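# Descriptive analysis of the structure
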Amino acid sequence: MNNRQVADIFSAMADMLDIQGANYHRIMAYRRAAENIAALGRPLEEVWREGQLTSLPGIGSTLASKIDELMRTGELEAYRDLQSEIPQGVVAMLHISGVGPKSAARFWKELGITTVAALEHAAQAGRLRNLHGFGAKSEQNVLDGIALFRRHTGRTRLGTAWPLAQKILAVLREVPGVVQAAPAGSLRRMRETVGDLDLLVASRDPQPVMNRFTRIPEVEEVILSGPTKTSIRTQEGFQIDLRVLEPARWGTALQYFTGSQAHNIRLRGLALDHGLSLSEYAFKREDAGTEPEEILCASEEEVYAAVGLPLIPPELREDRGEIKAALQGRLPNLIALDDLKGDFQFHTTASDGRSSLLEMAQSALASGLSYALITDHTHGLGVTGGLTVERLREQRKEIEAVNEQLAGSFRVLAGIEVEVHSDGSLDLPDDTLAELDLVVAAVHTGLRQDREQITGRMVAAIRHPHVDIIAHPTGRLIGEREGADLDMEAVFHAAAETGTALEINANPARLDLKDVHVRRAIELGVKLVISSDAHTVGAFADLRFGVATARRGWATAGDILNTRSAEDLVGP
DNA sequence: GCCGTTTTCGGCCCGACTGTTTTCAGTCG
């Protein structure tokens, strides 16, 4: 039973308890446990074997015994009981926007509706309005919610949401009276995907901002609009929320809307310990008998300082121990984009890239880098017209010519993205690999091999004496394909032992290693690189997403080899 | 159901917006 499976069970139990009307805090305990397990970064099973379950955040004796039951038997009686009490179609109703646990329970108990399809029929037949507190409008909202539920494509990749947010913010900054405009929410925390877009604007005159926002070309539908908040939906079904607030309250608002919700709950709890109530508008000091005194914060630094903390970077705000670390002065000094001196993977027209070596080198230089490792594919991958031993030798001459041309400002390092065969052997002979500055090895085929086989193959590549870096270790494609079923602990231990670096692939479709793996790898002493995997000029800008993923994994500059000079890494 | 530099019991974040209400419940984030 893996982390994802246990998290899903606890999350489903929370939903079912919610429909049952259980104690709110008990429900939250299940949800928090599910989130913490999903974000663990190491196998829950291992923690269970060590008997350390209750050392995990949000896991007490009751949930520990439930995890124990799951690990031992693969089943959970309490879960089965809930499933037998509540029709699964009723649980599915929670995914309909505007339908929560109370409504779902009433559709079931008062109208006997147990599936989303039956709910749709009932709404179309006008039967929902018979319920007390429901009218024709609520009925239509349910139908709209079901329609959205059907066409909803899930979460949007960071690489898609980021430029969209920047574009809209640029438009809003042009509106007279706008003082500040920034993304908030999971986008600002640089999560790999975002559910919706949260945008924040500071202005003393909100109405023109709202008016401008509802007229951007992306708008398909205005969901709601008030004096402080407007929500729209794009043609793709993507929701964008805009909040407008006074500049003097920017700090509390930005902090609040950046989240995560779990981080905010913890921060507000800490504020209460200081006798302060924190909202998106201000701190309030509750003194007996007097009108609460408001404390405004124009910056996030002031918000955190008010509860005795240094500013916590947005990427860390997931309630994964960052507040405790901040209290103890142990926050990591996170790596920043400016710290990168080089890149460790890019392609050219020699394989599946779109630009020449010179164009790529110039683009990398323009991105602020001083070196980059060229890593065209090898012949064995077939589809990309990869390099043979002969063509790789010819490329060496081109590298030397480019290095001569850019001498003093940029250096191309000679490398390869060598294919790892299904038996763990490499696609080029050792003597050829030995001539290169650095060797990157990658698995592109046979990702569905069973756990033992794929792990053995990966560990063989890590232990190969000429391999320096493993590219996109799990091979996942966000929203498209699960990663290989690797034993990540075995991979990390092998990498730590041999000094082989693991890649954080910055392509927004990959972000592989992902944040929790980065954090675990660092704990185990694994060295990491951030690679653009650029296939075209301009794609070096994707490095920002790789850096963000590293930051979400608590990485400092010392953990990431890109912060070192080319000379330091491979000599003059 | 979790958790503790005021607590092993009694707390557990806070507010906007909507739709239906004669003052508020539900949902969302």
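Quick note: structure is the one above.
A brief look at the structure comes next. (Residues numbered from 1 in each chain as written. Chains lettered and ligands numbered in written order. Predicted model: local features only at pLDDT ≥ 70, side-chain atom pairs only at ≥ 80, totals over all residues. Heavy atoms only, no water.)

## Focus: the overall build of chain A
The cut-off we apply is this: Secondary structure follows DSSP: runs of H or I at least 4 residues long count as helices, runs of E at least 2 residues long count as strands, and numbering of each begins at the N terminus. The size measure is the radius of gyration over C-alpha atoms, and the globule rule it meets is 2.2 Å times the number of residues to the 0.38 power. By definition, residues are in contact when any of their heavy atoms lie within 4.5 Å. To measure how exposed things are, a 1.4 Å probe is used in the Shrake-Rupley method; for residues, cover is taken only from the protein chains shown. A positive count includes Lys and Arg, and a negative count includes Asp and Glu. His and the chain ends are not counted in either. Taken as the charge location is NZ of Lys, CZ of Arg, CG of Asp or CD of Glu.
Within chain A one finds 24 helices and 17 strands. Against the 2.2 N^0.38 benchmark of 25 Å for 572 residues, chain A shows a C-alpha radius of gyration of 26 Å, consistent with a compact globule. Excluding contacts between residues fewer than 6 apart, the proportion of contacts in chain A whose partners are at least 24 apart in sequence is 67%. Of the roughly 25,100 Å² of accessible surface on chain A, 48% is carried by carbon and sulfur atoms. Here chain A carries 61 positive and 79 negative side-chain charges, and the mean point of each set is 6 Å from the other.

## Some points on the environment of Met 13
Checked against the element boundaries, Met 13 lands in helix 1 (residues 3-20). Apart from the residues within four sequence positions on either side, Met 13 is in contact with Tyr 30, Lys 66, Leu 76, Ala 78, Tyr 79 and Leu 82.

## Observations regarding the pattern of salt bridges
Condition: Between Lys or Arg on one side and Asp or Glu on the other, a salt bridge is scored when a side-chain nitrogen of the former is within 4 Å of a carboxyl oxygen of the latter. Summary of the burial criterion: residues with accessible area below 20% of their type's maximum are buried, those above 50% are exposed, and those between are partly exposed, where the area comes from a 1.4 Å probe applied to protein chains only.
Within this structure, the stated rule accounts for 33 salt bridges. With a closest N to O distance of 3.3 Å, Glu 294 and Arg 249 form a salt bridge. In this pair, Glu 294 is assigned in strand 10 (residues 293-295) and Arg 249 in the loop between strand 7 (239-245) and helix 13 (250-258), connecting sequence segments 45 residues apart. Among the salt bridges present, the one from Arg 552 reaches Glu 318, with a minimum N-O distance of 2.9 Å. Placement of Arg 552 in helix 23 (residues 543-552) and of Glu 318 in the loop between helix 15 (300-306) and helix 16 (322-327) is noted, with a sequence separation of 234 residues between them. Looking at Arg 552, the relative accessible area reads 5%, which means it is buried. Judged by relative accessible area, which is 14%, Glu 318 ranks as buried. One salt-bridge network, in which partners are shared between bridges, spans Arg 42, Glu 46, Glu 50, Glu 489, Arg 520 and Glu 523.

## Observations regarding empty space enclosed by the protein
Regions of empty space are outlined by a rolling probe, equal in size to a water molecule, passed over the atoms. Note the cut-off: The method works on a 1 Å grid over the protein atoms by themselves. A cavity is a set of points holding a 1.4 Å probe that cannot get out, a pocket is an open set with protein on both sides within 12 Å along at least five of seven lines, and residues with an atom within 4 Å of a point line them. Grid points are joined across faces, edges and corners, and a volume is the space filled by probe spheres set on the points. Under the grouping applied here, Gly and all other residues not named as nonpolar or charged are polar, the nonpolar ones being Ala, Val, Leu, Ile, Met, Phe, Trp, Tyr, Cys and Pro and the charged ones Asp, Glu, Lys and Arg.
Counted by the stated rule, this structure contains one cavity of 30 Å³ or more. The computed volume of the largest cavity comes to approximately 40 Å³. Lining the largest cavity are Met 190, Arg 191, Glu 192, Arg 476, Leu 511, Lys 514, Asp 515, Thr 549 and Arg 552. Classifying every residue of the lining of the largest cavity gives two nonpolar, one polar and six charged.

## Observations regarding the sheet that holds strand 11 (residues 342-346)
Using the following cut-off: Two strands pair if DSSP finds at least two bridges between them.
Read across the sheet, seven strands follow the order 11-12-13-14-15-16-17 without closing on themselves; strand pairing throughout is parallel. The sheet terminates laterally at strand 11 and strand 17 (528-531), the two strands that pair on one side only. Summarising the sheet, strand 11 and strand 12 (residues 371-374) pair through three bridges and their orientation is parallel. Of the residues in strand 12, the one forming a bridge with Phe 346 is Ile 374.

## Quick word on the protein's contact with DNA strand B
So the rule is basically this: The near set for a molecule or strand comprises every residue that places at least one heavy atom within 4 Å of it. Throughout this description, a polar contact denotes any pair of N or O atoms lying within 3.5 Å of each other; where both atoms belong to protein, one of them has to be capable of donating a hydrogen while the other can accept it, and for residues adjacent in sequence the pair is counted only when both atoms sit in side chains.
Among the 46 residues in the neighbourhood of DNA strand B, the closest are listed as Gly 60, Gly 98, Ser 103, Tyr 256 and Arg 268. When the atoms of DNA strand B within 4 Å of the protein are grouped by moiety, sugar and phosphate amount to 70% of the total. Contact distances for DNA strand B include 3.1 Å between a phosphate oxygen and a side-chain N or O atom of Tyr 30. Within the residue set of the surface near DNA strand B, elements represented by two or more residues are helix 2 (24-38), helix 4 (61-73), helix 7 (101-111), helix 9 (136-151), strand 5 (219-225), helix 14 (261-273) and strand 8 (276-278). Its residues assigned to classes, the surface near DNA strand B comprises 17 nonpolar, 20 polar and nine charged.

## Some words on the nonpolar core
Defined as follows: In this text, buried Ala, Val, Leu, Ile, Met, Phe, Trp, Tyr and Cys residues form a nonpolar core when linked through side-chain atoms within 4.5 Å.
Residues Phe 346, Val 412, Ile 416, Leu 502, Leu 528 and Ile 530 are the most contacted members of the largest nonpolar core, which totals 62 residues. Counting residues in hydrophobic clusters, the runner-up holds 50 residues, among them Ile 19, Tyr 30, Ala 123 and Ile 146.

## Some thoughts on the side chain of Thr 474
Position of Thr 474 relative to the elements: it lies in the loop between strand 15 (469-470) and helix 21 (488-498). The exposure class of Thr 474 is buried, given its relative accessible area of 7%. A polar atom in the side chain of Thr 474 sits 3.3 Å from the backbone nitrogen of Arg 476. With sequence-adjacent residues up to four places away left out, Thr 474 is seen in contact with Leu 447, Gly 483, Ala 484, Leu 486, Met 488, Asp 512 and His 517.

## Some details on the packing of helix 1 against helix 4
The following threshold applies: Axis angles are defined between N-to-C directions and span 0 to 180 degrees, where every axis is a line fitted to C-alpha atoms and, for a helix, only to the segment in contact. To sort the angles, those under 35 degrees are grouped as roughly parallel, those over 145 as roughly antiparallel, those from 65 to 115 as roughly perpendicular, and the leftovers as oblique. Left-handed describes a crossing in which the near helix is turned anticlockwise from the far one by less than a right angle; the clockwise case is right-handed.
Across the interface, helix 1 lies against helix 4 with an axial gap of 11 Å and an inter-helix angle of 125°. With respect to helix 4, the element helix 1 is oriented oblique. As helix 1 runs across helix 4, the sense of the crossing is right-handed. Contact residues: Val 6, Ile 9, Phe 10 and Met 13 in helix 1; Leu 63, Lys 66, Ile 67, Leu 70 and Met 71 in helix 4. Split into classes, the residues belonging to the contact of helix 1 with helix 4 amount to eight nonpolar, no polar and one charged.

What is shown is where atoms sit, not what they do.
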